[in-house]
Amino acid sequence: MQYPFAGKVALITGGASGIGKAIAKRFVQNGASVVIADLCVEATIDADWKQAGTSLQFVRVDVRREADLLDAVRFAKATFGGLDILVNSAGIFPRATIQNTTAELWDKIMEVNLKGVYHACRAAIPEIIERGGGAIINIGSLNAFGGTPDLFAYSTSKGGVVTLTVNLARSLAKHKIRVNCVHPGWVLTEGEKEVQKQGGRPDNWYETEGEKLPLGRIQTPEDIAPCVLFLASDEASQITGQSLAVDGGLGFHY
Ligand SMILES: NC(=O)c1ccc[n+]([C@@H]2O[C@H](COP(=O)([O-])OP(=O)(O)OC[C@H]3O[C@@H](n4cnc5c(N)ncnc54)[C@H](O)[C@@H]3O)[C@@H](O)[C@H]2O)c1
C-alpha cells in the first residue's frame, strides 16, 4: 500500500474502462472504498474487480444527467458513509475537425466532457464539505492546450476543464477541498482502441507509433493512476489548482 486511503470514499466517473478503471483499482488496493459511476457497468465484471469485494460498488450513471450524479453521491453516502474524493474520468473523444463537427457532435462532446464534470462536482461538493475537506481530480488532456485539428471540440472541452479546475480550486480552498487536473498524453485504453479501429489502423500500429514518442512507447492506464492517487493523498495537501501532465514527454511536441 502506497497511500493510506482506508476510511476514505472515492467516486470515479468513467471508472469502468481505461484510465478511470486503473485509478479505481489503485484506490481499492490502497484501502479506499470506491463507487464507479459509469454508463457501462457490465464491462466491469472481471476477476480483478471481484477481488475488491464490497469496497467496490457500481452505479449506472450518465454524466450528462444531473439527477444520475446526485443519485450516485447519495449512494456513496448511504453505502460508505460519505464522500472524500471525486475523480472525473468519463469522457469521449471522437475525431472531427471544425468542418466535420456538427452542432450535434459539439453539444454531445461538451455535455459529456465538460458539463458532466460540472454535474459531478456540483453533486459531490456538499458531501465533501461535510467530511471537512477532500480532493477533486479531473482527467484533462494535453489537447486542452491547443490540440490536434481533428480533436477540435474535444480540445475545447478539455480547455474548459482546466478553467473549471482553477476556478473551483479558488472557491473551494476555504473548505479544504483541493482541485487539480491530470493531463494524460496518449494512452492505450479500450476507448482509444475503438477510435483507432474505426480509423482502420492495424493492430500493431500503436507499437510503431509509440516508438516515435519521446519516451519510446504509448502510455498505459497504469501510468496515469499513481499521479491521481498522489494528488488525492495528504502528501499533496498544499497542491491545488494545478495542471499536471503525465504524458511521456508528448507535450514537447506542442
Ligand atoms: N486515452 C487517451 O489517450 C487519453 C488521453 C488524454 C486524456 N484522456 C481522457 O481520459 C479519460 C478516460 O479516457 P479513456 O481513454 O480511459 O477512455 P475509455 O473509453 O476507455 O473510458 C471512458 C469511460 O467513460 C465512460 N463514459 C463515457 N461517456 C459517459 C457518460 N455520458 N456517462 C458516464 N460514463 C461515460 C465510458 O463508458 C468508459 O467506461 C477521458 O476523459 C479522456 O478524454 C484519454
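Just so it is clear, the structure is predicted and the values come from calculations on it, not from any experiment.

Quick look at the overall build of the protein
- Check the secondary structure of the protein and you find eight helices and seven strands.
- Relative to its length of 254 residues, the protein is compact, with a C-alpha radius of gyration of 17 Å against a globular reference of 18 Å.
- Scored against the burial criterion, the 254 residues of the protein give a buried share of 50%.
- Total accessible area on the protein stands at roughly 12100 Å², and carbon and sulfur atoms take up 53% of it.
- Each charge class in the protein was averaged separately, 25 positive and 27 negative side chains, and the resulting centres sit 5 Å apart.

Some thoughts on empty space enclosed by the protein
- Tallied over the full model, the rule gives one cavity of 30 Å³ or more.
- Of the volumes computed, that of the largest cavity is approximately 40 Å³.
- Taken together, N88, S89, A90, N113, V117, I139, K158 and V161 make up the full set of residues lining the largest cavity.
- When contributions to the lining of the largest cavity are tallied by element, the ones reaching two or more residues are helix 4 (103-130) and helix 5 (152-172).

Points about the site of the ligand
- Among the 28 residues in the neighbourhood of the ligand, the closest are listed as S17, D38, Y154, V187 and T189.
- Separating an oxygen atom of the ligand from a backbone N or O atom of V187 is a distance of 2.7 Å.
- Residue assignment for the shell around the ligand shows that the elements contributing at least two residues are helix 1 (18-29), helix 5 and helix 6 (190-198).
- Across the shell around the ligand, the residue classes tally to 14 nonpolar, 10 polar and four charged.

Here's the deal with the pairing of strand 2 (residues 33-38)
- When you tally the buried positions in strand 2, you get six out of six residues, the bulk of the element.
- Going residue by residue along strand 2, you find S33, V35 and A37 tucked away on one face and V34, I36 and D38 tucked away on the opposite face as well.
- Handedness of the strand 1 (residues 9-13)-helix 1-strand 2 crossover: right-handed.
- When strand 2 meets strand 3 (residues 56-60), the two strands line up parallel, connected through five bridges. Note that in strand 3 the partner of A37 across the bridge is V59.

Re the sheet that holds strand 1
- Taking strand neighbours across the sheet as the criterion, the seven strands line up as 3-2-1-4-5-6-7 in an open arrangement whose pairing is parallel. Edge positions in the open sheet fall to strand 3 and strand 7 (243-246), since each of these has one partner strand only. Direction aside, the axes of adjacent strands within the sheet are offset by 20 degrees on average.
- The pairing of strand 1 with strand 4 (residues 85-88) spans four bridges and is classified as parallel. Paired with A10 across the two strands is I85, which belongs to strand 4.
- Contacting strand 1, strand 4, strand 5 (134-139) and strand 6 (177-184), helix 4 runs over the sheet at an angle of about 175 degrees to strand 4.
- Relative to strand 6, helix 8 (residues 221-232) is tilted by about 165 degrees, and along the sheet it contacts strand 4, strand 5, strand 6 and strand 7.

Calculation notes
Residues numbered from 1 in each chain as written. Predicted model: local features only at pLDDT ≥ 70, side-chain atom pairs only at ≥ 80, totals over all residues. Heavy atoms only, no water. Helix = DSSP H or I, 4+ residues; strand = E, 2+ residues; numbered from the N terminus. Rg over C-alpha atoms; globule rule 2.2 N^0.38 Å. Buried < 20%, exposed > 50% of the residue type's maximum accessible area, 1.4 Å probe, protein only. Areas by Shrake-Rupley, 256 points an atom, 1.4 Å probe, with all protein chains shown as cover. Lys, Arg positive; Asp, Glu negative; His and termini not counted. Charge placed at Lys NZ, Arg CZ, Asp CG, Glu CD. 1 Å grid on protein atoms, 1.4 Å probe; cavity = no way out; pocket = protein on both sides within 12 Å on 5 of 7 lines; lining within 4 Å. Points joined across faces, edges and corners; volume = space filled by probe spheres on them. Near = heavy atom within 4 Å. Polar contact = N/O pair within 3.5 Å; in protein donor to acceptor, adjacent residues only side chain to side chain. Nonpolar A, V, L, I, M, F, W, Y, C, P; charged D, E, K, R; others polar. Right-handed = clockwise from strand over helix to strand, strands pointing away. Pairing = 2+ DSSP bridges. Axes fitted to C-alpha atoms, helices over the stretch in contact; angles between N-to-C directions. Contact = heavy atoms within 4.5 Å.

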